[in-house]
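# Residue-level structure breakdown
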Amino acid sequence: MTATHITKKLNTVMKFRPILLLVPFGLAACSGVLDIAPTNSIPAATAISDVFGARTALVGAYAALQSSGYYGESYVNYTEVLSDNARASGTLTNFADADANKLRADNSEVASMWNRTYDAINRVNQIIQKVPAISGIADTERNEILGEAYFLRALHYHNLVKLWGGVPIRLEPASTITDAASATRATSGAVYAQILADLGQAETLITNKTQTRQASLNGAYALEARVRLYQKDYAGAEAAAAKVEAAGYALAPNFSDLFNATGSNTKEDIFRVLFTPVQYNLVGYYYLTRSLGGRYEAAPTTNLISAFDPASGGSISKYKPVDTRGLVSIALNGSRPYSPKYNTSIGDEDVHVIRFAEVILIRAEALAYLNRLPEAVAEYNRLRVRAGLTAETTAGRTQADVLAAIARERRLELAFEGDRWPDLVRTGQAISVMGLTANQTLLPVPLTEIDTAPGITQNPGY
Amino acid sequence: MRLVSRNWMSCIAAALLAAVPSQRAAAQVSGVVRGVVSDSTTHQPIAGAQVRIVGSDRAASTDAAGAFRITGVPSGSVSVRAQRVGFLAQTRQINVGGGSTMEQDFTLTPVALTLSQVVVVGYGSTSRADVTGAVSTVSAREIANTPIAGVDAMLQGKAPGVQVTQNAGNPGNGISIRIRGSSSLSASNQPLYVVDGVPVQQADFSQLGYSGQNITAITSINPDEIESITVLKDAASAAIYGSRASNGVILITTKRGTAGKPRITFDAYSGMQTVDRKLDLLNAQQYIEYMAEAAVNDDSDPAKYGLVPGVDDKVQSDWQDAIFRSAPVRNLNINASGGASRVKYYVSGSYFGQDGIVIGSAYNRSSGRANLDFDASDRLSFSTSVGLSREVNYRIQGDASLDGIVTNAIGNQPNLPIQNADGTYTNPDDGLAYSNAVALATYNYSPTTTQRVLANVEGRYKVASWMQFTGRVAGDGLFLHERQWQSPIVIGTYAASANGVAKSAYSTGNRFLGEGFFTLTPWQGSGRGNFSATIGASTERNRNELNFVRGEGFSNPDLHDAGNATTVTSYDASRSRNNLLSYFTRANFGWADRYLATFSFRTDGSSKFGENNRYGVFPAASLGWVLSEEPFLHPLARLGSIKLRGSYGVTGNQGISNSAYLATYGSANYGSLAGTSPNNFANPDLKWENTKEADIGIDWSMLSGRISGIADYYNKKTSNLLVSRPISGTSGFTSFADNVGNIENKGFELQLTTENFRSPSPDGFNWESQFNISTNKNRVTALYKDQPFTGGIRGVNSVRVGEPLGAFYLVRFKGVNPQTGDAIFDDINNDGKITADDRVVAGNPQPTHWGGFTNSMSFGNFDLRGSLQFSGGNKIFNAMRIFADDGGYNYDNKFTDVLRRWQKPGDVTDEPRASFDGVSGARQISTRFLENGSYTRLQEITLGFRLPSSFSRTAGLANARVYVSGHNLHTFTGYSGYNPDVNSSGSSSNVGLGSDFYAYPLARTFTFGVSGAW
């Protein structure tokens, strides 16, 4: 290698300098290639910044209810298996554990219920945080959006407190990982206080009184009645239920109308979660037998079969209920009892969150506790009459007797709708009737929560 | 020139130095010797060979074209010696006249085949002798005529360090390849494939799930068109591919034309496939006897369930025979190549068709390729490589679904007929435990069509003799269309209750690549040292789009396109994109033929990461020392040549979703109302996974290349694993993308090639053996808070610190109680119950060693090749046993293992008693279902006969060969399932490994072929 060579080589390089310059130029033109906007999603920073963003965020908040961890399955089917209404009949071990009331802290169905409910809360919190600051939106619409958001938050927290007791209260979205990890549990009382505060906001802000697939003002009253019943505020529950009664709701003439597939509207509907063949639920799929296209994960217990038809002795082959709700709730396929209440495997029936029959039952129970027995009996008789049964009388009955009758009607009326388990827990029957321990009446906090937010404590016994 | 005037000092220095040789030249009359050095076997030029005049200091090195020129050669008779590492040195005696130029070419014979190979490396090629990293090569010859669709499957047992799992035996299946182990938890563990310099799309674009039966973009690359495959294994070799190289790189080079008259070659084979082995299942009598015993054991009346021996066992059905068939496989390839001095071409057309050994499954591929090379001038040349392919893959319903064909053939009872007297198929209403497998295969079908264009256009400009610029544009367009029809005719399926289910899915994957790089060889041909370098930049744009629709409710089974459905139950239309911008450089140094060094550096910018970490840096260095070239070791040189290598480098993995770093909202519709909701939690600090790998190796050859070997030891540490890390659900999210955890892989690789017989005449007896073995020890060394978690089928795989990825985590089976017949399990925590808390690490799903052994012989017109392939050290979770060895809880047919069950007190056995209610412990998922996964497979035997030239000439052929071949002839294994080379979680699974859940079995294939050329 001589220096002449070097010089010559450098010279040739210089001669072709224009070509070399092309390289950095070409790449400079490329430097924008790394800044590409996400596809199929939009940056969170701008998602709720105008009236359209506010509206779509509210729609998204309702969509959270469709999740299979929420009204799309778990809150309906899974809690029934925890109760004495249904047993595990399929292959999922989560269901077998629920049937035995031996849940583990790493139960994925329980984790899904917790996570999906908090997902729903986060969607609402985003609205409550951002919508007040949006410009270019009429006050009535802003109020309606915020009011419905408050209603949903009250519903979510009530669902959580029913199943877990005191839970972490999050009223603003978590923005950082540290923030997310800082959650701690509030007392059950604090959660109820928050629920009532949110319901108060909802009742002030919502103006729509009649919509049934979204929250209405009367829906807020109905939920308030339910919440106050759980709090044993019977006068408050009765008052709220009376407001719903005054709004003109009526029982559907036929019990089966309530569970017809798509689009069925009855005067009994207060708030139902909308489902379509695309945004489907798994409720029917999990109840129906395989030959009906289902998975058959949850089947009626002999206990419930007897409750509908005491003469059957719990045997499905002898099942001939007089109660018209009986055959809507339990049917026979081959040799297998199953629930046809939500009766398609497609899952496009709108699932009831709260319907007028429940408000009647709330009112009946509140009245009974207030020792207004004739009124209480008159209330629940409305359901018995619709079911083709004879009305019961008040004469010679104790308060305990009337309360027991209300509990029975409640079970039969709302069977397979996800009401039985919280009802058993609320009334102490989970312990006295099912023979569970107090620890078993609360679900375990998902193990991942204990791991990711060390401030969250586990429920006793897990 | 301005440069000269500015740098006047260097100019003067150059003038002074330049004066020295001319003074000497003037003192003596001298001549010039010039010539070309080439390889005797490949006839390719040898670059970097030393040519010297013996007894003088006159010497030169050959350039890239193999040319050398020595000036100042003293006149008279001189000895000229040419030598190169890996070749036998050659000396020629010539007479040099004063002032004249003498021509003297050299043809060097390689001392070992492995050393003379041209090895394709990233952005260039080199010779095996100069390689300082860990690189394996597989030539076209080694994979020729293998009756499998994908080249990935053909690598099995062929290259050390490359572990291939077929997952399932269905035609055209996606294969799992692990180069030096699994290094990622959530991102991809598959290597990067680079075809003719272009990193190609390799993902499974399929939208419909068939459990273990994946679609892979690799099968659309026709193996017939492949010239060679190079596997870049260590970080130093792979780092030039930066952010996608941590799983290794597979470089595929397609065939190209060489100058000469047109040469048309053809290769056709046709064969038959049968199932490799059937499962040993109970016959009707055994089944009924077992089930009746199960009922009696649990106080049930067998008559109530139709399980009475002598009554309910009159029918004998072999469901396996009903779904398996002899299936043809055929391949035809015709290609033409040739060219003149300036234009060269290779044009090829192929058809490969393979019916599946399970009814209803099939695969075929038609493909074509045109590779052209054109020298526009001495400086400017162009190359194009264009490949087109169309594949149709008929897959069968997933193994893990209730309607799997293999699944239900194993599951359904042997005492029930397959067809009714009227020819209709039986169904669950007739008592079958599951829908009828034959009906499923007959009425349902799922074709997947893939069309692909892989094209690249390259221009090269020789800026100077030592500098070349290469510009390349490439496109990779993949269009995939899937249909699936689940007929309502198959009673007992969801489709029957829904009046038919149809799906239609379109997916497109498009990649555009533009890049340019300089190849510099300034010090190639002079002095004792050489230096070459590559520097360039590349940009890549990826676009994916998909459409999907699923409908239910059809009026007629023949009106089965999704558009005829009464109800659309699911739909999708979406797209995604990501871009990459990269700069790279590499420098190679060589000194005195014995000191070699390579340094490379790449920086990748990816749109997948946020502003904070958009660019990743991937440096690497490797050193080589040709020990045998050291003067002080020359006395030992006769023993052979030895090269020591060492390398260290950093590579990356960016296999995550496109905007994982950003807080986003996605659509969340409610009925007909359009809505949005948060769908990703932000992590602006998200960055690449990176792998740091050290490698030491040795290449040696002795006895004139009769024995040669390559050995490597590596230690590979992957950190900042891209994982979906859990976050408190109270945030509304359950996970976000983060970098947490470490994985380590260590291993040893050895490749030995021996020429056992080398005949001087081409028709004599030649015998060559190739053996390779690899070991790998995989270990997870850190996790998020070191929390273990489980995954895979039935959660049997686990990820735990200190254990291999996917380690089986199961309750330990201790035996059967001779008194009760119940299974006994290890109660680790002594709480009297067998629960998930009693699980222990029970085995490794990853093979710890694997390899292959190939022998090739030729004598006269005959040639014979045989290959063995082996793998071991792993366990397989035989998930079929959950149903086929469950004590009789399910109605599924059982494995014949249950024949040695416990039947009466005192029986000593490892099979629990039959139990109708599933209370004998037989149902417990435990180590009872874990089996040894080691196997050795007789992979191939091929016998070929070259037709005598007199005969082929009468047929108008230049040459012709006929051959018979057997593939997958026998698998020696203790595993009881169809095939130990299995993973029902599929090729994209990282944690779910080594489970067999009714995987499609492998085929044994016999083929007859003929090849020839005009």
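Residues numbered from 1 in each chain as written. Chains lettered and ligands numbered in written order. Predicted model: local features only at pLDDT ≥ 70, side-chain atom pairs only at ≥ 80, totals over all residues.

## Topic: the overall build of chain B
Scanning chain B for helices and strands turns up 13 helices and 52 strands. Radius of gyration (C-alpha) of chain B: 32 Å, near the 31 Å computed for a compact globule of 1014 residues. Judged by the C-alpha coordinates and their principal axes, chain B covers about 115 × 70 × 60 Å. Of all intrachain contacts in chain B linking residues separated by at least 6 positions in sequence, the fraction that spans at least 24 positions is 69%. (Helix = DSSP H or I, 4+ residues; strand = E, 2+ residues; numbered from the N terminus. Rg over C-alpha atoms; globule rule 2.2 N^0.38 Å. Contact = placed C-beta atoms within 7 Å.)

## Some thoughts on the overall build of chain A
In terms of regular secondary structure, chain A is built from 20 helices and 7 strands. Overall size of chain A, expressed as C-alpha extent along the three principal axes, is 120 × 55 × 45 Å. Relative to its 462 residues, chain A shows a buried fraction of 54%. Considering only contacts within chain A whose residues lie at least 6 apart along the sequence, 67% involve residues at least 24 apart. (Buried ≥ 20, exposed ≤ 12 C-beta atoms within 10 Å, placed from the backbone.)

## Considerations on the pairing of strand β33 (residues 689-702) of chain B
Residues and elements named next belong to chain B. With 14 bridges joining them, strand β30 (residues 640-653) and β33 adopt antiparallel strand pairing. Each bridged residue has a counterpart across the sheet, and for Gly 652 the counterpart in β33 is Asn 690. Between β33 and strand β34 (residues 707-719), which pair antiparallel in sequence order, lie 4 residues; one of them, Leu 703, sits at a positive phi of approximately 50 degrees. (Pairing = 2+ DSSP bridges.)

## Brief notes about the environment of A:Asp423
Mapped onto the elements of the fold, A:Asp423 is located in helix α18 (residues 420-427). Residues A:Asp423 and A:Glu375, spaced 48 residues apart in sequence, show a C-alpha to C-alpha distance of 22 Å.

## With respect to the nonpolar core
Ranked by internal contacts, the top residues of the largest apolar core, which has 163 residues, are A:Ala61, A:Ile127, A:Ala149, A:Phe151 and A:Ala225. When residues in this core are grouped by element, the largest group, 13 residues, is from helix α7 (residues 139-164) of chain A. Among residues more than four places away in sequence, those in contact with A:Phe151 are A:Ala202, A:Ile206, A:Ala215, A:Gly219, A:Ala220 and A:Leu223. Counting 81 residues, the second-largest nonpolar core is a separate cluster that includes B:Ala502, B:Phe877, B:Leu930 and B:Tyr998. (Core = buried A, V, L, I, M, F, W, Y, C linked by C-beta atoms within 7 Å.)

## What to know about the pairing of strand β13 (residues 176-179) of chain B
Residue and element names in this part refer to chain B. Here β13 shows a buried face lined by Ser 176 and Arg 178 and a second buried face lined by Ile 177 and Ile 179. Strand direction decides the pairing type here: strand β12 (residues 162-165) and β13, joined by 4 bridges, are antiparallel. Bridged to Gln 163 within β13 is Arg 178.

## Examining the sheet that holds strand β47 (residues 875-878) of chain B
Residues and elements named next belong to chain B. Spatially, 3 strands are ordered β48-β47-β51 in an open sheet, and the strand pairing comes out mixed. Two strands in the sheet have a free side with no partner beyond their single neighbour: β48 (930-932) and β51 (995-996). Bridge count for β47 against β51 is 2 bridges, and the pairing is parallel. Looking at β51, one finds that Phe 877 is bridged to Ser 995.

## Quick look at unusual backbone geometry
All names here are of chain B. A positive phi angle is found at Asn 499, which is not glycine, with a value near 65 degrees. Tracing the sequence through the fold places Asn 499 in the loop between α11 (494-497) and β25 (501-520). A count of 16 C-beta atoms within 10 Å places Asn 499 in the partly exposed class. The phi dihedral of Tyr 998 is positive, around 60 degrees, even though this residue is not glycine. On the secondary structure map, Tyr 998 appears in the loop between β51 and β52 (1003-1013). For Tyr 998, a count of 27 C-beta atoms within 10 Å gives the class buried.

## Topic: the packing of helix α9 (residues 188-205) of chain A against helix α10 (residues 217-230) of chain A
All names here are of chain A. Where α9 meets α10, the axes come as close as 9 Å, and the angle between the chain directions of the two elements is 160 degrees. Of the possible angle classes, the one that applies to α9 and α10 is roughly antiparallel. Note on packing geometry: the crossing formed by α9 with α10 is left-handed. Between α9 and α10, the residues in contact are Ile 195, Leu 196, Leu 199, Ala 202 and Glu 203 and Leu 217, Ala 220, Tyr 221, Leu 223, Glu 224 and Val 227, respectively. (Axes fitted to C-alpha atoms, helices over the stretch in contact; angles between N-to-C directions. Parallel < 35°, antiparallel > 145°, perpendicular 65-115°, else oblique. Left-handed = near helix turned anticlockwise from the far one by under 90°.)

## What about the packing of α7(A) against α10(A)?
Residue and element names in this part refer to chain A. Contact geometry for α7 and α10: axes closest at 11 Å, N-to-C directions at 25 degrees. Our classification of the angle between α7 and α10 gives roughly parallel. The handedness of the crossing between α7 and α10 is left-handed. From α7, Phe 151, Ala 154, Leu 155, His 158 and Lys 162 reach across to α10, where they touch Gly 219, Ala 220, Leu 223, Val 227 and Tyr 230. Split into classes, the residues belonging to the contact of α7 with α10 amount to 7 nonpolar, 2 polar and 1 charged. (Nonpolar A, V, L, I, M, F, W, Y, C, P; charged D, E, K, R; others polar.)

## Here's the deal with helix α7 (residues 284-297) of chain B
Residues spaced three or four apart along an α-helix face the same direction, because each turn holds 3.6 residues. Residue and element names in this part refer to chain B. Under the 1.5 Å per step criterion, the end-to-end length of α7 is 20 Å for 14 residues, consistent within 8% with the ideal 20 Å. Counting buried positions along α7 gives 10 out of 14 residues, so the element sits mostly inside the fold. Taken together, the buried positions of α7 are Ala 284, Tyr 287, Ile 288, Tyr 290, Met 291, Ala 292, Glu 293, Ala 294, Ala 295 and Asn 297. Looking one or two places after α7, you find Asp 299, whose phi comes out positive at around 60 degrees. (Expected span 1.5 Å × (residues − 1).)

## Points about helix α6 (residues 108-130) of chain A
Here α6(A) spans 32 Å end to end across 23 residues, near enough to the 33 Å set by a 1.5 Å rise per residue. Most of α6(A) is tucked away, with 20 of its 23 residues classed as buried.

## A short note on the environment of B:Asp917
When you line up the elements, B:Asp917 lands in the loop between α12 (881-884) and β48. Excluding residues that lie within four positions of it along the chain, B:Asp917 makes contacts with B:Asp298 and B:Tyr889.

## Examining the sheet that holds strand β6 (residues 90-96) of chain B
Residue and element names in this part refer to chain B. The 4 strands lie next to each other as β3-β2-β5-β6, forming an open sheet whose pairing is antiparallel. Edge positions in the sheet fall to β3 (59-61) and β6, since each of these pairs with one other strand and no more. In this sheet, adjacent strand axes meet at a mean angle of 20 degrees when their direction is disregarded. As paired strands, strand β5 (residues 76-83) and β6 are joined by 7 bridges and run antiparallel to one another. Across the sheet, residue Arg 81 finds its bridge partner in β6, namely Thr 91.

## Re the confidence of the model for chain A
Here chain A shows a mean pLDDT of 91. Residues at 70 or above account for 93%. When pLDDT is averaged over each helix and strand of chain A, the minimum, 49, is found for helix α2 (residues 17-28) of chain A and the maximum, 98, for α10(A). (pLDDT = per-residue confidence, 0-100.)

## Topic: the confidence of the model for chain B
Residue and element names in this part refer to chain B. Overall, the prediction assigns chain B a mean pLDDT of 88, with 95% of residues at 70 or greater. β47 holds the highest mean pLDDT among the elements of chain B, 97, whereas helix α2 (residues 8-26) holds the lowest, 34. Prediction confidence for the complex, expressed as pTM and ipTM, is 0.84 and 0.91 respectively.

## Some remarks on the environment of B:Val473
For B:Val473, the position within the fold is in strand β24 (residues 467-486). On a C-alpha basis, the gap between B:Val473 and B:Asn613 in space is 28 Å, while along the polypeptide they are 140 residues apart.

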